[in-house]
Amino acid sequence: MSEGYPVEAVIVSKEALASDDPYDIVESNINFLNGLLGECLRPDEVSQDGMRSYLVDYYLTQVENGGFSQFVYNSGWDPDINRAIGEGLEAMGAERHRKHFEQAAGLLDRIDPDRMEEFLEGEYFGENEVRDALNQFDDRFGAIEEEENLLDLNARWLRSLSNLITLDPEEMDAEVERRAAALPDREERIAAAAAAAPRFEKLIVALCEAAGHELDQITAGDPSFEWNGEPLIAWHFLTDKGHFYLVDADGIARMMHGETDESVCEIEAPEDVYGSE
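Below or above, wherever it landed, is the structure these notes cover. On a predicted model such as this, the values are computed, not experimentally measured, just so you know.

### Looking at the sheet that holds strand β6 (residues 234-239)
An order of β3-β6-β7-β8-β9 is seen for the five strands of this open sheet, with the pairing classed as antiparallel. Because the sheet does not close on itself, it has two edges, and the strands there are β3 (215-222) and β9 (263-268). Pairs of neighbouring strands in the sheet enclose a mean axial angle of 25°, with direction left out of account. Inspection of the sheet shows β3 paired to β6 by six bridges, in the antiparallel sense. Within β6, the residue paired with aspartate 222 across the bridge is alanine 234. Those strands touched by helix α13 (residues 199-211) are β3, β6, β7 (242-249), β8 (252-257) and β9, and its axis lies near 115° from that of β9.

Rendered as structure tokens:
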């Protein structure tokens with residue numbers, strides 16, 4: 001195995017760099033970082049340019065999927081995430097998006113801290129004044145996207161970086177393995193991450209094990225999903241066999257096929273075993 005590459009290097013596949021599809025290079029960076037984070041490296045232990053691209057795409061995906069309120073709710077309005085997004089938008093030249101993000105943050109700063117905590121820790125659905133107030137920014141976001149396409153800007157910025165390195169997929173996997181093996185406290189980190197994982201993550205891991213799948217990554221929660229006529233967040237994830245999503249309802253966790261909506265497998269899911277959200 002090689003001696004490795006600099007931590008600050010943004011690493012993508014050679015195929016992604018050669019592709020005309022802007023999402024390929026953005027996704028390749030995401031996949032590499034997901035590999036590192038999945039091995040319990042911390043966000044401050046990987047490329048910060050890579051994390052800026054990663055989180056700008058996360059912001060875009062969340063808002064397009066469920067609005068600005070979904071981004072706030074799912075991210076926990078984390079200051080480190082927000083700072084990286086702001087830095088990424090500025091570096092990419094997404095000036096209108098950056099100003100829009102700052103305006104939305106200004107509204108959040110004016111919300112009473114107790115109400116904000118109640119929003120982040122409470123139910124997303126039903127009557128929710130904070131959620132509705134945050135979603136007033138959605139139309140403006142869409143209008144800006146028509147002139148400042150974040151995916152195109154993100155891909156263009158990644159290609160321009162002097163610290164960009166391209167590798168074959170096997171070399172990328174080897175680099176993830178090298179960095180993971182170099183962690184002196186790796187076993188402790190793995191144990192702590194497993195204990196602290198949210199309910200949906202524990203259920204997805206258990207379902208993949210029951211179905212004989214290898215989990216690749218958890219992609220996003222969909223708050224617009226309904227199960228038996230009731231709103232429910234469906235968590236989407238990828239395995240070595242494709243796209244699936246989790247339905248957690250009535251004490252049963254179901255692994256559903258992302259394309260056919262057919263049930264793949266199900267397990268009992270009491271809260272006293274997997275914990276609540």
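### As for the packing of aromatic side chains
The tally for this structure, following the rule as stated, stands at 16 aromatic pairs. Each ring, one from phenylalanine 200 and one from tryptophan 235, has its centre 3.7 Å from the other, and the planes form 5°; the classification is stacked. A residue pair is termed long-range when its members are at least 10 positions apart, and phenylalanine 200 in helix α13 and tryptophan 235 in strand β6 qualify at 35 residues. Comparing phenylalanine 200 with tryptophan 235 shows no difference in burial state: the two are buried. Taken together, the ring pairs in this structure connect Tyr58, Tyr59, Phe68, Phe71, Trp77, Phe101, Phe137 and Phe141 into an aromatic cluster.

### Considerations on the pattern of salt bridges
For the structure shown, the criterion picks out 18 salt bridges. Here glutamate 45 ties to arginine 189 by a salt bridge, and the two come within 2.8 Å at their closest N and O atoms. Of this pair, glutamate 45 sits in the loop between α2 (22-38) and α3 (48-66) while arginine 189 sits in helix α12 (residues 186-196), placing them 144 residues apart in sequence. For aspartate 248, the salt bridge is made with arginine 199, and the minimal N-O distance between the two is 2.6 Å. With aspartate 248 in strand β7 and arginine 199 in helix α13, this residue pair connects regions lying 49 residues apart in the sequence. Residues joined in a network through salt bridges with shared partners are Arg42, Asp44, Glu45, Asp185 and Arg189.

### A look at unusual backbone geometry
Unlike most non-glycine residues, cysteine 40 shows phi in positive territory, near 75°. Residue position: cysteine 40 is located in the loop between α2 and α3. A positive phi is found at asparagine 228, a non-glycine position, where the angle reads about 55°. With respect to the helices and strands, the residue asparagine 228 is situated in the loop between β4 (226-227) and β5 (230-231).

### With respect to the state of the cysteines
With the rule as written, the count across this model stands at zero disulfides. Cysteine cysteine 208 shares no disulfide, and the gap to the nearest cysteine sulfur, in cysteine 265, comes to 8.0 Å. In this structure cysteine 208 comes out as buried when scored by relative accessible area, which is 2%.

The rules we used
- Per-chain numbering applies: the sequence of each chain, read as written, is numbered from 1 onward.
- Local features are withheld for residues below a pLDDT of 70 in this predicted model, meaning they are given only at 70 or higher, and side-chain atom pairs are given and counted only at 80 or more; totals for whole chains, interfaces and linings count all residues.
- Hydrogens are left out, water is left out, and the side-chain values use all remaining heavy atoms of the structure.
- Criterion used throughout: strands pair if DSSP finds at least two bridges between them.
- Helical segments are the DSSP runs of H or I of at least four residues, strand segments are the runs of E of at least two, and each set is numbered from the N terminus.
- The axes used here are C-alpha line fits, helices contributing only the stretch in contact, and every angle between their N-to-C directions lies in the interval 0 to 180 degrees.
- When checking whether two residues touch, look at their non-hydrogen atoms; a contact exists if any pair is within 4.5 Å.
- Stacked, tilted and edge-to-face are the three classes assigned to paired rings of Phe, Tyr and Trp, where Trp is represented by its six-membered ring and a pair needs centres within 6.5 Å; plane angles under 30 degrees give stacked, over 60 edge-to-face, the rest tilted.
- Burial classes follow relative accessibility: with a 1.4 Å probe on protein chains only, a residue under 20% of its type's maximum area counts as buried, one over 50% as exposed, and anything between as partly exposed.
- Here, a salt bridge means any Lys or Arg side-chain nitrogen found within 4 Å of an Asp or Glu carboxyl oxygen.
- Two cysteine sulfurs form what is called a disulfide whenever their separation falls within 2.5 Å.

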